[in-house]
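Breakdown of the fold
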Amino acid sequence: YGPRSTARNVREVVVKMAVSHADKKALTLFSKEIAQAGTGMAPGITNIVGGRPKVSPMIRLFSCLVPKSTAQTTVDFQGSTMPVVVDTTNGFDGVNEAPISAPAGLQTTAVVPLVKLAWARSGDKGNHGNIGVIARKPEYLPFIKAALTPAAVANYMQHLLDPQTGKVSGWELPGLDALNFLLENSLGGGGIASLRIDPQGKAFAQQLLEFPIPVSSSIAHELQAN
């Protein structure tokens, strides 16, 4: 390795390479040859963090639904086992879902990024990503709902969705001035089965917060004043 450059127009480069193969021997060979990336690839690479990589199995999550009626529930307390009766007559059927209703007739004169109007948090659900968006003020929510439809989110985040099976669904969260979006098949397998830099979708919210939202002149002036 040579000395680091002190020139202002030179930056250190971070490179991540991830590979998968059915034969562990092939990956072992790759791990032995990867050191050359530190000296012969992008200028500015100065170190290989952690040394040579170790080969590890890719464990993939497969989720399923199990009827409550088939599970026998018991509680073991101080050596005594007691049966617990669980009511299985009701359940989630999707009837009470609140799809996002985009209001019509809003007067807009300016465009601001979503981060000016809302907080957001994201994470993983197996191979699916989940993004929650909470309006900073109730009066911001109609403009967010008008622009941030599931179709708009799918278009904006299409670089993450599986081309064949990826899709986006969205719901309102009543009483919270919030929306919830589910990005199905957006994590490249999810968890340690994914080869992506962000396999758990923790940065999905930060990406969505750049989404442009048309707002009224009064909100634009309010944001500018703050």
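For the structure itself, look to the data block above.
The following paragraphs examine the structure supplied in this document.

Right, let's get into the overall build of the protein. Helix and strand counts for the protein stand at six helices and eight strands. Ordered by position from N to C terminus, the α and β elements of the protein give α-α-β-β-β-β-β-α-α-β-β-α-β-α. The burial tally for the protein puts 28% of its 226 residues in the buried class. Considering only residue pairs separated by 6 or more positions, the protein has 65% of its internal contacts joining residues 24 or more positions apart. As presented, the protein carries roughly 15,500 Å² of accessible surface, and 56% of it is formed by carbon and sulfur atoms.

The topology assignment puts asparagine 180 in strand β7 (residues 178-184). Exposure remark for asparagine 180: the relative accessible area of 16% places this residue in the buried category. Of the polar contacts made by the side chain of asparagine 180, one reaches the side chain of asparagine 130; its length is 3.2 Å. The residues touching asparagine 180, leaving out its near neighbours within four places in the chain, are Asn130, Ile131, Gly132, Ser169, Gly170, Trp171 and Leu173.

Turning next to the nonpolar core. Within soluble globular proteins, side chains that are nonpolar generally end up buried alongside one another. Residues Leu114, Leu117, Val133, Ile144, Leu148 and Phe181 are the most contacted members of the largest nonpolar core, which totals 35 residues. Mapped by element, the contributors of at least two residues to this core are β4 (118-125), β5 (128-135), α3 (141-147), α4 (150-156), β7, α5 (204-208), β8 (212-215) and α6 (217-225). Ranked by the residues each element gives to this core, the list is headed by α3, at four residues. Apart from residues lying up to four places away in sequence, leucine 114 is in contact with Val133, Ile144, Leu148, Leu208, Leu209, Phe211 and Ile213.

It is worth spelling out the pairing of strand β2 (residues 80-83) at this point. Of the strand pairs in this sheet, strand β1 (residues 74-77) and β2 are connected by four bridges, and their pairing is antiparallel. The partner of aspartate 76 across the bridge, within β2, is threonine 81. What sits between β1 and β2 in their antiparallel hairpin is a turn of two residues, with glutamine 78 showing a positive phi close to 50°.

Even without being glycine, glutamine 78 reaches a positive phi, approximately 50°. Secondary-structure assignment places glutamine 78 in the loop between β1 and β2. Of the residues examined, glutamine 78 reaches a relative accessible area of 73% and is grouped as exposed. One non-glycine residue, aspartate 177, lies in the positive phi region at around 55°. Among the structural elements, aspartate 177 can be located in the loop between β6 (167-173) and β7.

What counts as what
Residues numbered from 1 in each chain as written. Predicted model: local features only at pLDDT ≥ 70, side-chain atom pairs only at ≥ 80, totals over all residues. Heavy atoms only, no water. Helix = DSSP H or I, 4+ residues; strand = E, 2+ residues; numbered from the N terminus. Buried < 20%, exposed > 50% of the residue type's maximum accessible area, 1.4 Å probe, protein only. Contact = heavy atoms within 4.5 Å. Areas by Shrake-Rupley, 256 points an atom, 1.4 Å probe, with all protein chains shown as cover. Polar contact = N/O pair within 3.5 Å; in protein donor to acceptor, adjacent residues only side chain to side chain. Core = buried A, V, L, I, M, F, W, Y, C linked by side-chain atoms within 4.5 Å. Pairing = 2+ DSSP bridges.

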